[in-house]
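Residue-level listing of the chains:
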Amino acid sequence: MDFSWSEEQLTYRNAVVDFAKKELSEGLLEREREAGFSREIWQKCARFGIQGLPFPEQYGGAEADILTTMLTMEGLGYGCRDNGLIFAINAQMWSVQMPIFSFGSDAQKQKYLSGLCSGELIGAHGMSEPDSGSDAYSLRTRAERRDGGYVLNGTKMFVTNAPVADLAVVFATVDPAKKMWGITAFVVEKGTPGFSVSRHIDKMGLRTAPMGELIFEDCFIPEENRLGMKQSSKINSPIKTVRSPILSM
């Protein structure tokens, strides 16, 4: 089996390197000093096709295979001196776009993926909390069932892109007694009543990747914003449960 890169893959990588060198490092020292985020540069990457690389064309993606995507991101890192930008893009692609693509409904994919791939929307991933980081399944953010949806209460900490995000994929527990099996995920949009972003968290490195806290205070999320199986779905295989943000019954 030949694992060599194709001429097409290498040509695209070189184009990404050239793009990154020319377009992504201007004003970097000032942005680093001020911990600034440039939406204009973010959108340049999206127009080039970075954020949409592994996603279907119907959502504005390029349908690139995983190896081509990996090679492209390597080229981006080689050509771009702004490591915070690269970190923030990867945070969105793999922990926001991919869960929506893998577990979202057709309506959720159509509503959110197109904007995330195009750079119109920026996403954040809300998992870590003040008392649960590496042990993610001990999170305390609650999602209580209500007519037509859920009410979220809790705080997410160290969230990349939080201060600039238009939406967040947020994990909460509907049944703490079930531990990991009681956790599910929701897409929460900026401006939702009860949802706020608190302080900017300063860092020693990756300063152009903004970080903050997500706060939920009696925040109502409609049923259609939950990721995973419908509530009426039966779970017969533990493997399926592990792979999907599933609502605890």
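Shown above is the structure to which this text applies.
Not measured: the values here are computed from a predicted model. (Residues numbered from 1 in each chain as written. Predicted model: local features only at pLDDT ≥ 70, side-chain atom pairs only at ≥ 80, totals over all residues. Heavy atoms only, no water.)

Some words on the packing of helix α4 (residues 66-79) against helix α5 (residues 83-103)
Phase 1: Where α4 contacts α5, the axes come no closer than 11 Å and their chain directions differ by 160°. It follows that α4 is roughly antiparallel to α5 by the angle criterion. The hand of the α4/α5 crossing is right-handed. Contact residues: α4 offers Ile66, Thr69, Met73, Leu76 and Gly77, while α5 offers Ile86, Ile89, Asn90, Met93 and Trp94.
Phase 2: Looking at the contact of α4 with α5 residue by residue, the class counts come to seven nonpolar, three polar and no charged. (Axes fitted to C-alpha atoms, helices over the stretch in contact; angles between N-to-C directions. Helix = DSSP H or I, 4+ residues; strand = E, 2+ residues; numbered from the N terminus. Parallel < 35°, antiparallel > 145°, perpendicular 65-115°, else oblique. Left-handed = near helix turned anticlockwise from the far one by under 90°. Contact = heavy atoms within 4.5 Å. Nonpolar A, V, L, I, M, F, W, Y, C, P; charged D, E, K, R; others polar.)

A closer look at the side chain of Glu129
Phase 1: Its location among the elements puts Glu129 in the loop between β1 (123-126) and β2 (142-146).
Phase 2: Residue classification places Glu129 among the buried residues on the basis of a relative accessible area of 6%.
Phase 3: For Glu129, the side chain forms a polar contact with the side chain of Thr141, separated by 2.6 Å.
Phase 4: In this structure the side chain of Glu129 is engaged in a polar contact, spanning 2.8 Å, whose partner is the side chain of Lys156.
Phase 5: In this structure, Glu129 is in contact with Leu139, Arg140, Thr141, Thr155, Lys156 and Met157, ignoring residues within four places of it in sequence. (Buried < 20%, exposed > 50% of the residue type's maximum accessible area, 1.4 Å probe, protein only. Polar contact = N/O pair within 3.5 Å; in protein donor to acceptor, adjacent residues only side chain to side chain.)

Topic: the side chain of Gln9
Phase 1: Relative to the assigned elements, Gln9 resides in helix α1 (residues 7-23).
Phase 2: What Gln9 contacts, discounting residues up to four positions off in sequence, is Asp65, Thr68 and Leu71.

Regarding the nonpolar core
Phase 1: With 21 residues, the main nonpolar core has Leu24, Cys45, Ile50, Met73, Leu76, Leu85 and Ile89 as its most contacted residues.
Phase 2: Where this core is concerned, the elements lending two or more residues are α1, α3 (39-48), α4 and α5.
Phase 3: Considering each element in turn, this core owes the most residues, five residues, to α5.
Phase 4: Not counting residues up to four positions away in its chain, the partners in contact with Leu85 are Leu24, Ile41, Trp42, Cys45, Cys80 and Thr208.
Phase 5: If you look at the next biggest cluster of nonpolar residues, it comprises 19 residues, including Phe55, Val96, Ile100 and Phe171. (Core = buried A, V, L, I, M, F, W, Y, C linked by side-chain atoms within 4.5 Å.)

Points about the pattern of salt bridges
Phase 1: This model, assessed by the stated rule, comprises 12 salt bridges.
Phase 2: Between Lys22 and Asp18 there is a salt bridge whose closest N-O contact spans 3.3 Å. Of the two residues, Lys22 and Asp18 are both situated in helix α1; the distance of four residues between them amounts to about one turn of the helix.
Phase 3: In this structure Lys22 comes out as exposed when scored by relative accessible area, which is 60%.
Phase 4: Residue Lys111 pairs with Glu189 through a salt bridge whose shortest N-O separation is 2.9 Å. Residue Lys111 is located in helix α6 (residues 106-118), and its partner Glu189 is located in strand β5 (residues 183-189); the two are separated by 78 residues in the primary sequence.
Phase 5: A network of salt bridges, in which partner residues are shared, links Arg145, Glu223 and Arg226. (Salt bridge = Lys/Arg side-chain N within 4 Å of Asp/Glu carboxyl O.)

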